[in-house]
Amino acid sequence: MNEKWWKNAVVYQIYPRSFKDSNGDGIGDLEGIYEKLDYLAELGIDVIWMSPVYKSPNDDNGYDISDYQDIMDDFGTMDDFDRVLKKAHSLNIKIMMDLVVNHTSDEHKWFIESKKSKDNPYHDYYMWADPDKNGNPPNRWESCFSGSAWEYVESVGQFYLHSFSRKQPDLNWDNPKVREEVFKMMTWWCDKGIDGFRMDVISMISKYPGLPDGPENGNGYTGNTSCDGPNIHKYLREMNEKVLSKYRLITVGECPGVNAEQAKKYANIDGSELDMIFQFEHVSGSALKPCHHGKWDGEAMTMPELRANFTKWQKDLEGCAWNSLFLSNHDQPRCVSRFGNDSEQYRELSAKMLATMTHFQKGTPYVYQGEELGMTNAYMENIADYRDIESLNAYKELTTKENIPAKTVMGYIKAVGRDNARTPMQWDASDNGGFTSGTPWLQVNKNYKTINAAAQVNDPDSVFAYYKKLIALRHTNEVMVNGVYDVLIPDHPQIYAYTRTLGDKQLLVLCNDSEKEVGVPAEIEEKIAGAQGILIQNYKDVKAGVLRPYEAVVYAW
Ligand code: TEU
Ligand code: CA
C-alpha cells in the first residue's frame, strides 16, 4: 500500500505533558487531548503526531519507555487512548505515534534481564562492551545529554552504551531478535488502527562495527559514529517490508546527522523506506558563529543561511524524495523567538511570515503545539525552574567541568533550552492559561493573558486564523503541493523570494525577514505586475515597491 495521501496533509505535534490537564494534577493527559480535539479540527490539521505516551519512568519525558504496549500512569489508560483514537478518526484526524526504538528505558524488562549476566538470553539486546585494559570505557563516545555515553555494570563487568541519558540504554539492532520484537510491537499498534510513526533518532540505530571514535571535540551526535551507520538502510527496508508496507501509514524518521544526499535513500518516493525525514541542518546554528559547547553557544542561522539551506533541500530532493517542513518541535526553542521577532510590535507579523516561508515549500508541514498561536520562548531566569534533563545536565557540566560563569550558561539555556517549547499550552486568560486547575509541572509562560487560544480562535486577523488559512490552502491548492520550487534573488540580504511552478500555474512567495522596510528589486516588481491576484498576506494591503517589516505576501498566476 503505497498511496501518498500525506502529500497534502498538515501534521500537528502534541507534547502531551504540556497540552491539557484534565484532572488537576498539573500534567497534561489523554483526556485533555480528547477535550481539545475539536480545537484541532477547527484548525483543520490532518494528522496528530503524539510525543510518547507509553509507560515510562519519565527520565526524559517519555522518551525512555519501559513498556511499549501500555500507557504512562500520568497520562491515563489504554482505554483513554482508544477513546482519543476513535474520536480523532470521527473528526477525520489521523494519529501518528512516536516510535522510540534506538533505546528503551533501563526499567524495560529486556534491560532488567540484559544486565543480569552475560549469558542471559536478553544480554545481546543491548550494546555491551568490555572495559579497555585500564578499566575505562571502550571509546570516548559522549552522551547527547553530556558526559560519557558508557555506564559500567558491576554484575556483568561490562559497560552499556547510552547515547542519551543513563536511563536510556541503546538497543542492539544488529541482533535479529531485537528487530523481530520491534516489528511485532509496531504491528500490534498498526492493528489497533493508528496511522503512522514518527521514528525517534532512527538514523542512529545502526552503529559502526568496532564502535570507532568520530572526530575529536565532537559531541554526542558528531563525535560518535552512530548516525547513518552501515546497516541503516537494510534495517529500514526490512521494517518497511515486514510492517510499513502492509498499512496505509505516514512515516517520518527523525534523522540527526543525515544530509540531503543521504536523505534521498531514507525518504525515496519509491516507498522502499520512509515517507520523509526530519533533518536538522537548518536548526543547527549559524556558520558565522559556530558552537564550541554542543548546541549551547551557537546562534540561529541568518535569513540568507536559512534560505540557502531550504533551497538545497528543496532542489536536491525534487522528483526523488519528499521533504518534511518544520521550524519548531519539543526539542527546539520557539520559532518566533529564534527566527522571527517576539517583541509586542512584531510577534504576530513575524510568526505569520515564518509560517508563510515554511508552508509554501514542497513537503509536509509540521506545526508544533502553540506555534499556531505565536507562542514565544519562556526565558525562565532560574535553573531551578527548568525540568529538562538536557538543560540540567548541561548546566552542571558547563559550570563545573568547563568553568563557564553561571550567568553565561543561563543565557545559553534561555535561548535554546528545550523547556522553552515545553511550557504549557495557553488556552485562555484564566489562571495557568487554562492548562490546569492545579500546579503545572513546568511554569506557564508569563504572557498567557495576551497570547492564548481563546483570544485568537474567533479573530480573523490572529496567528491562529492565518495558520488555518495556510492549512486549508494545502488541501486545495495543487501548486502548493506539487509545484517545483525555485529561488529568486538568492543573494538579497533581507528578502526570501521563491516560486512554485506547476504547468502554467505559479505562486510567488515574498518574505521580508527583518524589521526594516526594504525596496523590492525591479525584476520582482515586473513579475508582480502580471500576477492574477494575492493568495495570502500578513498585512491588510500592499505598499507599492516595498516590503514592510516582516511582510509576507504570496502572488498567484
Ligand atoms: O531527539 C534527538 C535529536 O536528535 C534532537 O532533536 C536534538 O535534541 C536536537 O537536535 C538538539 O538541538 C529525540 C527526541 O526528540 C528528544 O526529545 C529525546 O530526548 C531524544 O531523541 C532521546 O530520545
Ligand atoms: Ca493530568
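Residues numbered from 1 in each chain as written. Chains lettered and ligands numbered in written order. Predicted model: local features only at pLDDT ≥ 70, side-chain atom pairs only at ≥ 80, totals over all residues.

Asks: How would you explain the sheet that holds strand E2 (residues 47-50) if you had to name every residue and give the values?
Replies: If you walk across this open sheet you meet the eight strands as E11-E10-E9-E5-E2-E1-E13-E12, and the pairing is parallel. Two strands close off the open sheet at either side, each with one partner strand: strand E11 (276-278) and strand E12 (324-325). (Pairing = 2+ DSSP bridges. Helix = DSSP H or I, 4+ residues; strand = E, 2+ residues; numbered from the N terminus.)

Asks: Please give an account of the UniProt feature "domain: Glycosyl hydrolase family 13 catalytic" (unreviewed entry) in the protein chain that cites residues and values.
Replies: Mapped onto the present numbering, the UniProt feature "domain: Glycosyl hydrolase family 13 catalytic" (unreviewed entry) falls at residues 13-422. Taken end to end, residues 13-422 is 31% helix and 12% strand, and its first and last C-alpha atoms sit 12 Å apart. (UniProt positions renumbered as here; feature names shortened; annotations may be inferred.)

Asks: I'd like to hear about the site of ligand 1, residue by residue, with values.
Replies: Taken together, Asp60, Tyr63, Val100, Phe164, Asp200, Val201, Glu254, Pro256, Phe280, Lys295, His330 and Asp331 form the complete shell of residues around ligand 1. For the shell around ligand 1, a count of residues per class yields six nonpolar, one polar and five charged. (Near = placed C-beta within 6 Å. Nonpolar A, V, L, I, M, F, W, Y, C, P; charged D, E, K, R; others polar.)

Asks: Can you lay out the sheet that holds strand E20 (residues 552-556) for me, pointing to particular residues and giving the numbers?
Replies: To summarise the sheet geometry, strands pair through backbone hydrogen bonds and adopt either a parallel or an antiparallel arrangement. In space, the five strands of this open sheet follow the order E14-E15-E16-E20-E18, with antiparallel pairing throughout. Looking along the sheet, the strands with just one partner apiece sit at the ends: strand E14 (484-488) and strand E18 (533-537). When strand polarity is set aside, the average angle formed by the axes of neighbouring strands in this sheet is 20°. Bridge count for E18 against E20 is four bridges, and the pairing is antiparallel. Considered in E20, the bridge of Ile534 is made with Tyr555. Strand contacts of helix H10 (residues 347-359): strand E15 (495-502), strand E16 (505-512), E18 and E20, with the helix running at about 40° to E20, the strand carrying the most contacts. (Axes fitted to C-alpha atoms, helices over the stretch in contact; angles between N-to-C directions. Contact = placed C-beta atoms within 7 Å.)

Asks: Please set out the packing of H10 against helix H15 (residues 463-476) residue by residue, giving values where relevant.
Replies: Direction vectors running N to C along H10 and H15 enclose 10°, while the axes themselves pass 10 Å from each other. When the axes of H10 and H15 are compared, the pair comes out roughly parallel. Like other packed secondary-structure pairs, H10 and H15 cross with a definite hand, here right-handed. Along the contact surface, H10 presents Glu348, Ala351, Lys352, Ala355 and His359, while H15 presents Val463, Tyr466, Tyr467, Leu470 and Arg474. The class makeup of the residues in the contact of H10 with H15 is six nonpolar, one polar and three charged. (Parallel < 35°, antiparallel > 145°, perpendicular 65-115°, else oblique. Left-handed = near helix turned anticlockwise from the far one by under 90°.)

Asks: Could you give me a rundown of the packing of helix H11 (residues 389-401) against helix H12 (residues 406-416), with the residues and numbers involved?
Replies: Viewed as axis vectors pointing N to C, H11 and H12 meet at an angle of 150°, and their least axial separation amounts to 10 Å. The angle between H11 and H12 falls in the class roughly antiparallel. Read as a crossing pair, H11 and H12 show a hand that is right-handed. Between H11 and H12, the residues in contact are Ser391, Tyr395, Leu398 and Thr399 and Ala406, Val409 and Ile413, respectively. When its residues are assigned to classes, the contact of H11 with H12 shows five nonpolar, two polar and no charged.

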